[in-house]
Amino acid sequence: MAVYSLGGTIAMTTDPTTGGVVPALSAHELLAAVPALETSGISLQVRDFRRLPGASLSFQDLTELSGAIKAELDAGGVDGVVVTQGTDTIEETAFLLDLHHDREQPIIVTGAMRNPTLAGPDGPANLHAAVIAAADPGLRNGGCLVVLGDEIHTARSVRKSHTTSPAAFASPSAGPIGRIAEGRVRMTTALPHRSHPLAEAVRAARVGLYTVTLGDDGALLDLWDGNCDGLVVAAFGVGHVPECLVEGLGKLAAHIPVVLASRIGNGPVLTATYGFPGSEKDLLARGLIGAGDLSPYQARLLLHGLIAQGADRASILEAFATATD
Ligand code: ASP
């Protein structure tokens, strides 16, 4: 088993200069807080990879992590991988790792909502549960999964649903696929169906995220033109925008891929129900690409990966259709 630590609340202690907590603990120190692992019989390769807050992780960090994990798995002797990191970006990093992961050993991402200086920090319990999950043969071919609060979530369905609750991670549309209890995994549903992994990046890409809000006059929409290679629109409800944005979005969609997602982040954008200007039907007819039930953040990562691997419009359409069916 390999454990990669990236930082985050799980690894934070008080910084005397700022008086706030900052990522400081090594991967060894994290594991030392879980004595049960010593008697578990699971041998652990420890990788102190980054000490960053989740918010400062970059595409470069994740590309390097993906590469290191692949190399480690190819070298053999590793049944699964655990990644510890800040919960701020777990939704995105887990989805991104999943998009690139093509080996059968699972990658389990975990973190903590309560830092080690607080009463009842959840980091040690989450790390213990993550190691148990990563070692479980039943999770092979599960891709990248998220384990927090003894629940196992797919990268596709998990959402951070509260800013502070230790039960912040949930899969609102599907529920967890399993739980960890008494030191073992108990599945509640089958492993997820996964679409084909993305290829390596061959070019840099910038993909924007534009959230539509009440009374939006579209004036800022023009700023995206020429400043990004692709755009995700987080629209109202099932995929709706104010009528005054329709022309601008249509123009953008003629230059770059523009993906239509819902800012709700739970449930699909529709394709064929509403017919008013600014409806999902109208926007799709103007060349926008439906995100299905991917959240705006997930849609942005998929679009980023596709543009970075040099995909043309037809392949982008096909990838979104496959990812969202
Ligand atoms: N609140 C965050 C966490 O849970 C901080 C971070 O993402 O680094 O880890």
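Residues numbered from 1 in each chain as written. Predicted model: local features only at pLDDT ≥ 70, side-chain atom pairs only at ≥ 80, totals over all residues. Heavy atoms only, no water.

1. Examining the environment of Ala-174
- Relative to the assigned elements, Ala-174 resides in the loop between strand S10 (169-170) and strand S11 (178-181).
- A C-alpha to C-alpha distance of 19 Å links Ala-174 and Leu-99, two positions 75 residues apart in sequence. (Helix = DSSP H or I, 4+ residues; strand = E, 2+ residues; numbered from the N terminus.)

2. Structural notes on empty space enclosed by the protein
- Taken as a whole and assessed by the stated rule, the structure comprises one cavity of 30 Å³ or more.
- Reported here for the largest cavity is a volume of approximately 30 Å³.
- Ser-66, Ile-69, Lys-70, Leu-97, His-100, His-101 and Ile-107 are the residues that line the largest cavity.
- For the lining of the largest cavity, the elements supplying multiple residues, two or more each, are helix H2 (59-75) and helix H3 (90-100).
- Per-element tally for the lining of the largest cavity: the top contributor is H2, with three residues.
- For the lining of the largest cavity, the class distribution of residues is three nonpolar, three polar and one charged. (1 Å grid on protein atoms, 1.4 Å probe; cavity = no way out; pocket = protein on both sides within 12 Å on 5 of 7 lines; lining within 4 Å. Points joined across faces, edges and corners; volume = space filled by probe spheres on them. Nonpolar A, V, L, I, M, F, W, Y, C, P; charged D, E, K, R; others polar.)

3. Concerning the sheet that holds strand S12 (residues 184-187)
- Taken together, eight strands build an open sheet; the order of strands is S4-S1-S5-S6-S7-S8-S11-S12 and the sheet is mixed. Both edges of this open sheet fall to strand S4 (45-52) and S12, since each of them pairs with a single strand only. Neighbour-to-neighbour, the strand axes of the sheet open up by a mean angle of 25°, direction not taken into account.
- Where strand S1 (residues 2-7) and strand S5 (residues 81-84) come together, four bridges link them in parallel fashion. Looking at the pairing, Ala-2 lines up with Val-81 of S5.
- Along the sheet, H2 makes contact with S1, S4, S5 and strand S6 (107-110), crossing S4 at roughly 175°. (Pairing = 2+ DSSP bridges. Axes fitted to C-alpha atoms, helices over the stretch in contact; angles between N-to-C directions. Contact = heavy atoms within 4.5 Å.)

4. A closer look at the nonpolar core
- Counting 49 residues, the largest nonpolar core has Tyr-4, Leu-65, Val-83, Val-109, Leu-302 and Phe-320 as the members making the most contacts within it.
- It is helix H7 (residues 296-308) that contributes the most residues to this core, seven residues altogether.
- Beyond its immediate chain neighbours, meaning those up to four positions away, Leu-302 contacts Phe-95, Leu-99, Leu-198, Leu-294, Ala-319, Phe-320 and Ala-323.
- Core analysis: the second largest hydrophobic core is formed by 26 residues, Val-3, Ile-10, Leu-30 and Ile-132 among them. (Core = buried A, V, L, I, M, F, W, Y, C linked by side-chain atoms within 4.5 Å. Buried < 20%, exposed > 50% of the residue type's maximum accessible area, 1.4 Å probe, protein only.)

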